[in-house]
Amino acid sequence: MKRIYVKEEWCLGCHLCEYNCAFANSGLTDMVKALRDKPIYPRIQVETDENGVTYAVSCRHCTDPICVKSCIAGALSKKDGVIEIDHSKCVGCLTCVLVCPYGAVVEDGSGVAQKCELCMKNSCGAPACVKGCPNGAIVYEERQAVPASD
Amino acid sequence: MNFYPEFEVERNDSRCIRCRVCERQCANEVHWFDADGKVMLSDESKCVNCQRCVTLCPTRALKIVKSDCRLRENANYSDQTIKEIYRQAETGGVLLSSMGNPNPLPVYWDKILINASQVTNPPIDPLREPMETRVFLGKKPKHIRRNADGTLDTKLAPQLTLSMPVMFSAMSYGSISYNAHASLARAATALGIYYNTGEGGLHEDFYQYGKNTIVQVASGRFGVHKDYLEAGAAIEIKMGQGAKPGIGGHLPGTKAVGDVSKTRMIPEGSDAISPAPHHDIYSIEDLRQLVYSLKEATEYRLPVIVKVAAVHNIAAIASGIARSGADIIAIDGFRGGTGAAPTRIRDNVGIPIELALAAVDKRLRDEGIRNNVSIVCGGSIRSAADVVKAIALGADACYIATAACLAMGCHLCRSCHTGKCNWGIATQRPDLVKRLNPDIGSERLINLMNAWRHEIKELMGGMGINSIEALRGNRLMLRGVGLTGKELEILGISHAGE
Amino acid sequence: MSQLEGQVRIPSGCAVSAMISRDGRRMNGESIIESMIPMHDRSNGLGGGFAAYGIYPEYKDFFALHIFFNSRQCQSECMTLLKEYFEIVQDEHIKVRKLPQITDEPIIRRVFVSPMQSVLRHLQIDEKELVVRIVNRINAQLEGSYVFSCGKNMGAFKAVGFPEDVGRYYRLEEYEAYCWTAHGRYPTNTPGWWGGAHPFCMLDYSIVHNGEISSYDANRRFIEMYGYKCTLQTDTEVITYIADYLLRRQGLTLEETASVIAAPFWSTIDAKPEAEKQTLTYLRNAFPSLLVTGPFSIILGFEGGLMALNDRLKLRSMVVGEQGDMVYIASEEAAIRVMAPDITNIWSPAGGEPVIVKVKEGAF
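Definitions and cut-offs
- Residues numbered from 1 in each chain as written.
- Chains lettered and ligands numbered in written order.
- Predicted model: local features only at pLDDT ≥ 70, side-chain atom pairs only at ≥ 80, totals over all residues.
- Helix = DSSP H or I, 4+ residues; strand = E, 2+ residues; numbered from the N terminus.
- Rg over C-alpha atoms; globule rule 2.2 N^0.38 Å.
- Buried ≥ 20, exposed ≤ 12 C-beta atoms within 10 Å, placed from the backbone.
- Contact = placed C-beta atoms within 7 Å.
- Nonpolar A, V, L, I, M, F, W, Y, C, P; charged D, E, K, R; others polar.
- Core = buried A, V, L, I, M, F, W, Y, C linked by C-beta atoms within 7 Å.
- Pairing = 2+ DSSP bridges.
- Axes fitted to C-alpha atoms, helices over the stretch in contact; angles between N-to-C directions.
- Parallel < 35°, antiparallel > 145°, perpendicular 65-115°, else oblique.
- Left-handed = near helix turned anticlockwise from the far one by under 90°.
- Right-handed = clockwise from strand over helix to strand, strands pointing away.
- Domains from an automatic or database assignment.
- Expected span 1.5 Å × (residues − 1).

**What about the overall build of chain A?**
Along the backbone of chain A there are 5 helices and 8 strands. The linear arrangement of helices and strands in chain A, starting from the amino end, is β-α-α-β-β-α-β-β-α-β-β-α-β. Here the C-alpha atoms of chain A give a radius of gyration of 15 Å, agreeing with the 15 Å that 2.2 N^0.38 yields for 150 residues. By its C-alpha atoms, chain A is 40 × 40 × 30 Å across when sized along the principal axes. Across the 150 residues in chain A, those meeting the buried criterion constitute 38%. Contacts spanning at least 24 positions in sequence make up 59% of the contacts within chain A whose residues lie at least 6 apart.

Structure, rendered in C-alpha cells:
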C-alpha cells in the first residue's frame, strides 16, 4: 500500500505542507478564504528538534494500529489499509491522541480527533502535502517495510 | 550613503494567510512576522529579487517589483552607474558581480535564422525516421592505417562520446553546492554527456561519476592530485573564462568551508583567489608542456581540453592551441556566467562567442588543422536553437552552465558571490544547500536536455539533416538578419534573402 | 544578370542512368542515350551529360583533358599554362553534330597530355596529384577555360540541353566504352552554362547524381581544407572530391567509402558483431564531416568499375538490373527496360547499401 513518507534530509521546515493540508481539508476552493485570519489545524505537522532538524509528522497507517484498538466509540477503523475516522462517532475522549506513538492524531479545533486520511475523502484525491512540498521531502509511495505501532 | 532600495516587496495583505513561508525561506531576512499587528513586514533593502518567496507563497500574495524611485534620468549616467560610484566612494573596493554580462550588447544568436527544406529536398520527420545526435570529441586521424591483414586499424586518439552535443560546463564545488554537483553528475551520467568539476577539485562522493566527469586544472591548482586527474574522462586546462578573461577564479572565504576546503586542499575560510596566469604557462610552448605533462600523468588515456576566454585575437590563440597537443578547445564567450567576478571585467572584457567561434572555426580550416581538435563553445547557450546555430557555425558541442543552473532553480538574481543563494545552488550554508534536492535537480536537468534534444532533432529534420555531423560547420543553413556586411563576413554567413 | 553556376548554389533534381559490362565488352553510346528518353521529364533541358570508360585505348597512357573555352584567347592562355607542366600529345576538336536544340556552344577541345617528369621530380608529387592541382587551378583561376574531364582512357561529354540531344550532339554512337553513365538535369534556375552540367569528373572518377544534399556546406568546408576548391557549388562536385579524397588520398576501399558517405545509423552499427562495429564506428568517428545527408542517388564511375549509392533513408529512387555480364542502374526501371527489354532480375537497393560492379581483372 502507498503511504506518506518523509525524508527529513530534504525537509526545509517551510511548513507549507501544513497549510496545504488545512486547505485541502477545508472543503473550500480558495486558500485565502479557507485560511486567512484563522488558526489552522493541519493533520500533518512539522516538528523541529533541538538541533534544528525539521520533520513533518502525519499518520503512518500502521499495520496494527493502537489508535483503532483504543477508540472507545468505534470512530476509528481500518479500511483497505487506510485508518479512517468517522467524525460523527467521535466523542472527543482523545484517547487516540494520547496513545499514538507518533503524535499523528490531533484535535481538530472543535473537540473531536482528526488524522491524515491520505486526502482520500477530500477533493484533492492524493495527498496535498506531497504535491505541495517544494523539495520532494514528502513522498507518497509503496515501500516494503511497514510500521507497526507497537 | 543610503539609497531607496532597488526592489520593492508588494504584499497583497488581503491574500496573505500569515503562513510565514516567505520569512522562513529568505536567507536575506527580508520578511518577518509582526506578532503585535499580526502582519508580515519587510525590509526591502535586503532583497536581491531572487523570487524564492514569490515562488513559494501559496496564495500569490507577493510580488517583487523594480522600484520606480530612481535618480534623475540621465542617458549617460544611469542610475546603476551613479550608485556604483557611491558604493565605491564609500568602500574603496572593486565591485563584485555574479553570473553573465547582463548589458544590452548584441546577441548574435538572435540575429541568425535557420533554414528548412521545401520542395527540392524533403524535410525529415524525427518522429518517424532515425535522427542522430551522437558526437565524438577529440583528434581525428590524418591518415588511416591498416593492420597486416588489411583491416582498418581502429585505434584513435582518446575521444569523448556524447549522446547529444551539449555538456555542463565548469562550476566548482565551492562556487556551487554539493547538491548542485550531485545533480549535475547524476544528470550527466543518465544522459550520456559530461559535467565539469571546475577548479574546486572533486568531492570523494562523486568519484563514482568519473566516466561522465571532466576534471579541471586551473591556475590555482586547487584540488589537483593524481587520483583526481585519473578519476575523470577528460582533463580541462582552464586558461580563462568568458566572464572574466585575464583573471583567475575567485571563491569568497565564506564559501570555503568544510568539505569545500578539504576538496580544494585549502584552509577553511580563506579566499581562494587563483592567479591570473598559470605560473608555469607564460606562452604557447609552455601550454604544450602542461598538456603533455597531464597526458603523461594519465598515460595518454584521456583527452585534454584547453579552455580559453573569447578575446580579440582568439583565432590566432586557438590556432596555437590546436598545435599544442590539446584534443579539444573550449571557447567561452563574454556572456559566460561566474560565481564571482569584478563587475568591470565581467561587463567590459572579451568578445561575443558567436564571432569568436566563427573566427576560430574558419582559421583552423584555413590552416588545415580543424581535424586536430574539436571545438566546444560556451558563454550563454540559452536554447536548442542556440545549440543548432553554434553547431552550424562550426562547433562540435556546446557547454551550458547558466541554463543548467536555471534548470536547478536559479532565478538569475546575480548574487552568487554573497553565498546566500536561496535556491541552494551557489551557497555552502547547510540550511540553504538542502533546498536543492538532487533527485529533483537531476531530473530537471535531464528533462531540459531531453527537451533540447527533441528540439535539435526537429530543427535538423526541417533542414533535411539526419545526423548532427552533417550540420557541423554547415553555414549554408544559416542566414543573418539586420547584420552589417562585416558581421556577416566574420560569421561566414549570407544575409537573409541572399 | 542571373548568376552562373559557382557564383550561386543551385539545387536541382535529376535522372541518372548507367550500364557496365563486367566482361569489359565495349558498347557504343546508342543504348545509354536511348535510356534517357523515357526519363525525359526528370530533366528540364538545362543540362545533360555522359561519362564513358575505355574510349581511348590508343591513348590510354595519357590524361585526356576535355576543355570548354569561351574564346580563342582563353584557349591560348590555358594551353600556355598546360605546356608549363605537360607534354601535349594531341590537341584536337571534339567532333560534334550541330543540332538546333544545342545552342551557345563554347570551343570544345580534347587534349591528351603527359606530365613532364622534371616537373614531377621538382614538385615531388605523383602525376595524378599534378593533374588535380593544375585542373583546379585552371578551373578556379582562368576565366573562360573549364576542364570538365581529365582521366585516362575515359571522358565526359556534357552540355546545356536534354540528355538525349546532348548524346547525339557529341556523336556518342561513335565511341565504344565498357561503362557508360548518363545524367539529365533539372536545375531550379537558368545558369545556361555548360560547365554546370553533369557528370562531374576528377581524374578517372566521374559522378552523376540525383538529389540535393543537406550536408553540402559541412562537406564543402571540410574538403576544402585538403586543397580542393568547390568552384561550382554543386553536390556532384563535392561528392566527387569526397570520393577522390577517401579513395585515392586516404586509401579506403569502396565499401569503406560508402560507410563514410552513407554511414549506417548508430542503431544499426551498435547491433553489429564487434569487429564490424569497431570499423564502422571508427569510420564515422574519423570522417564525420564527410557524411552526406539529404536525398541522393549517385553513380560513381572509375577505371574498371562503378559504384551506385543511395542516401541512407533512400530519399531518391534508384533501381539496379542484371543480365548476363551486364549491370544496369537508373533512376527509373523504364530506363533499364530500354537498355535491356527482356531483363528479369531487377531490384531496388536499400538506402546506404552500395552496389559495386567491377570489370573482370585485365578486361579493360
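From this point, things continue past the structure.
**Observations concerning the environment of E212 of chain C**
Inspection of the secondary structure assignment puts E212 of chain C in the loop between strand 12 (205–211) and helix 6 (216–223). C-beta crowding within 10 Å serves as the criterion here: with 26 such atoms nearby, E212 of chain C is assigned to the buried category.

**Section: the interface of chain B and chain A**
Every contact between the two is made by 14 residues of chain B and, on the other side, 16 residues of chain A. Of all the secondary-structure elements, those providing two or more residues to the side of chain B that touches chain A are helix 1 (21–25) and helix 14 (438–462) of chain B. Of the residues assigned to the side of chain B that touches chain A, the class counts are 6 nonpolar, 3 polar and 5 charged.

**Points about the nonpolar core**
Core analysis: the largest hydrophobic core is formed by 310 residues, its most contacted members being I329, I331, L357, V376 and C398 of chain B. Contacts of V376 of chain B, omitting those with residues within four sequence positions, involve L137, M167, I328, A330, A395, D396, A397, C398 and Y399 of chain B.

**Some details on the sheet that holds strand 6 (residues 112–114) of chain B**
Residue and element names in this part refer to chain B. If you trace the 3 strands from one edge of the open sheet to the other, you get 6-20-21, paired in mixed fashion. Here the strands that pair on one side only, and so sit at the sheet edges, are strand 6 and strand 21 (494–495). Strand direction decides the pairing type here: strand 20 (residues 478–480) and strand 21, joined by 2 bridges, are parallel. Across the sheet, the residue bridging to R479 is S494, located in strand 21. Here helix 11 (residues 384–393) sits on the sheet in contact with strand 6 and strand 20, set at roughly 95° to strand 6.

**Here's the deal with the sheet that holds strand 5 (residues 86–93) of chain C**
Residue and element names in this part refer to chain C. Ordered by their spatial adjacency, 4 strands build an open sheet running 5-6-4-7, and the pairing between neighbours is antiparallel. The sheet terminates laterally at strand 5 and strand 7 (145–149), the two strands that pair on one side only. Each strand of the sheet is rotated relative to its neighbour by a mean of 30°, with strand direction disregarded. Sheet topology places strand 4 (residues 63–69) next to strand 6 (residues 107–115); 7 bridges connect them, and they run antiparallel. The residue of strand 6 that forms the bridge with A64 is F112. Each of strand 4, strand 6 and strand 7 is contacted by helix 4 (residues 127–141), which is oriented at about 140° to strand 7, the strand it contacts most.

**So, the packing of helix 11 of chain B against helix 14 of chain B**
Residues and elements named next belong to chain B. As a packed pair, helix 11 and helix 14 sit with axes 9 Å apart at the nearest point and diverge in direction by 50°. Judged on the interaxial angle alone, helix 14 and helix 11 are oblique. Remark: the crossing between helix 11 and helix 14 carries right-handed chirality. Taken together, the residues of helix 14 that come into contact with helix 11 (itself represented by A384, A385, V387 and V388) are W452, E455, I456 and L459. Of the residues belonging to the contact of helix 11 with helix 14, the class tally is 7 nonpolar, no polar and 1 charged.

**Re the pairing of strand 19 (residues 397–400) of chain B**
Looking along a regular strand, one sees side chains alternate from face to face of the sheet. All names here are of chain B. Alternating residues of strand 19 divide into A397 and Y399 and C398 and I400, and every residue in both groups is buried. Sheet analysis places strand 18 (residues 374–378) next to strand 19, joined by 2 bridges and oriented parallel. Counted as the bridge partner of C377 is C398 from strand 19. Tracing the backbone out of strand 18, into helix 11 and back to the parallel element strand 19 gives a crossover that is right-handed.

**A look at the domain arrangement of chain B**
All names here are of chain B. Splitting chain B by domain gives domain 1 (7–93) and domain 2 (135–495). Tallying the contact residues gives 9 residues for domain 1 and 7 residues for domain 2. Across the side of domain 1 that touches domain 2, the residue classes break down as 4 nonpolar, 4 polar and 1 charged.

**Some details on helix 2 (residues 72–85) of chain C**
Compared with an ideal rise of 1.5 Å per residue, which puts 14 residues at 20 Å, helix 2 of chain C spans 21 Å between its outermost C-alpha atoms and is within 8% of the ideal. Against strand 4, strand 5, strand 6, helix 4 and strand 7 of chain C lie the buried residues of helix 2 of chain C.

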